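# Examining the three-dimensional arrangement
These are the residues of each chain, in order.
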Amino acid sequence: MSTKVEKSEDEWRAILSREQFRVIRQKGTERAGTGEYDKHSEAGVYNCAACSTPLYKSTTKFNSGCGWPAFFDAIPGAVTRHVDSSWGMERTEIVCTACGGHLGHVFKGEKFDTPTDERHCVNSVSLTFENGDGTEK
Ligand SMILES: [Zn+2]
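Residues numbered from 1 in each chain as written. Predicted model: local features only at pLDDT ≥ 70, side-chain atom pairs only at ≥ 80, totals over all residues.

## A short note on the sheet that holds strand 4 (residues 70-71)
The six strands are arranged 3-4-8-7-6-5 in an open sheet whose pairing can be described as antiparallel. Bordering the open sheet on either side are strand 3 (61-62) and strand 5 (79-84), each of which pairs with just one other strand. The pairing of strand 4 with strand 8 (residues 118-122) spans two bridges and is classified as antiparallel. What sits directly across from F71, in strand 8, is H120. (Pairing = 2+ DSSP bridges. Helix = DSSP H or I, 4+ residues; strand = E, 2+ residues; numbered from the N terminus.)

Right, here's the structure in full:
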């Protein structure tokens, strides 16, 4: 799971859809409420759409009402945080540890009723869902 995935931007462009490339490699954001997994609630694992590394379990997903899939915790080590101050405010960007693909941002202290009081706000296009508990991997 700690295998590094390194590809050139042209290689990523060939693998990913246009929208995936825009979000994952160019740090875009899908429109709120349009994502495939926003209101998705099946049991399973959400993998990185670019490199298939498991990132989030469905047991940590919660309904934040924000328009994007929200998780209160990631699979340990799967997600790396970077401080992003590009919009004039400090936000914490989250990327896939393995391939560096952009996932979304983490927000803290919003008082959602979750164990961590954090919200990982993740673009659906950065994820692919897999049914099951993920333990067979
Ligand atoms: Zn990845």
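From this point, things continue past the structure.
## Points about the pairing of strand 5
In the sheet, strand 5 pairs with strand 6 (residues 91-96) via six bridges, with the strands oriented antiparallel. Looking at strand 6, one finds that V83 is bridged to T92. Joining the antiparallel neighbours strand 5 and strand 6 is a turn of six residues, in which G88 adopts a positive phi near 80 degrees.

## Considerations on helix 2 (residues 18-25)
When we look at burial in helix 2, the residues that qualify are Q20, V23 and I24. The buried residues of helix 2 all sit within an arc of 90 degrees when viewed along its axis, so they share a single face. Considering only its buried residues, helix 2 is in contact with strand 7 (102-108). One or two residues past the end of helix 2 sits K27, with phi positive at roughly 55 degrees. (Buried ≥ 20, exposed ≤ 12 C-beta atoms within 10 Å, placed from the backbone. Arc of directions from axis to C-beta. Contact = placed C-beta atoms within 7 Å.)

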